[in-house]
Amino acid sequence: MRGRLRAGRLEVEVADTGGWREAGADDGERGRGRLIMARLMDEAVIDGTPHGTVVRLVKRLSGTA
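The following paragraphs examine the structure supplied in this document. Since the structure is predicted, the reported quantities are computational estimates derived from the model, not experimental observations.

1. Some thoughts on the sheet that holds strand S4 (residues 52–60)
Read across the sheet, 4 strands follow the order S1-S2-S4-S3 without closing on themselves; strand pairing throughout is antiparallel. At either end of the open sheet lies a strand with only one pairing partner, and these are strand S1 (2–6) and strand S3 (43–49). Across the sheet, the mean angle separating the axes of adjacent strands is 10° when strand polarity is ignored. Note: S3 against S4, 7 bridges, orientation antiparallel. What sits directly across from Thr49, in S4, is Gly52.

Rendered as structure tokens:
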């Protein structure tokens, strides 16, 4: 996990070696993470590769000094 403040934006990147799975109709409580990221952040990108998954999140900050 990496995070930084740059030009009035909070940028967070989370990477792991696991694979991304889309939630299916029978997955019960799975699948809420993408919705939460989309509602809380201004940008949310999920990049799944054969080597793992990287999630990049950006939140524009108002009133930053």
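Now that the structure is up, let's keep going.
2. Considerations on the nonpolar core
Core analysis: the biggest nonpolar cluster contains 5 residues, these being Val12, Met37, Met41, Val55 and Leu57. If near-sequence neighbours (up to four positions away) are discounted, Val12 is found in contact with Met1, Arg2, Gly3, Val55, Arg56 and Leu57.

Each value, and the rule that gives it
Chains are numbered independently. Their residues run from 1 in the order of the written sequence. Only residues with pLDDT of at least 70 are given local features in this predicted model, and only at 80 or more are side-chain atom pairs given and counted; all residues enter the totals for whole chains, interfaces and linings. Values shown for side chains rest on all heavy atoms present in the structure; no hydrogens or waters enter the calculation. Here, strands pair whenever DSSP counts at least two bridges between them. Each helix is a run of H or I in the DSSP string that is no shorter than four residues. Each strand is a run of E no shorter than two, and both are numbered from the N terminus. Every axis corresponds to a line fitted to the C-alpha atoms, with the helix fit spanning only the stretch in contact, and the corresponding angles, defined between N-to-C directions, vary from 0 to 180 degrees. Joining through side-chain atoms within 4.5 Å is the link that ties buried Ala, Val, Leu, Ile, Met, Phe, Trp, Tyr and Cys residues into a set, and such a set is a nonpolar core. The buried label goes to any residue with under 20% of its type's maximum accessible area, the exposed label to any with over 50%, and the partly exposed label to all in between, with areas taken from a 1.4 Å probe on protein chains only. Two residues form a contact once any of their heavy atoms are found within 4.5 Å.

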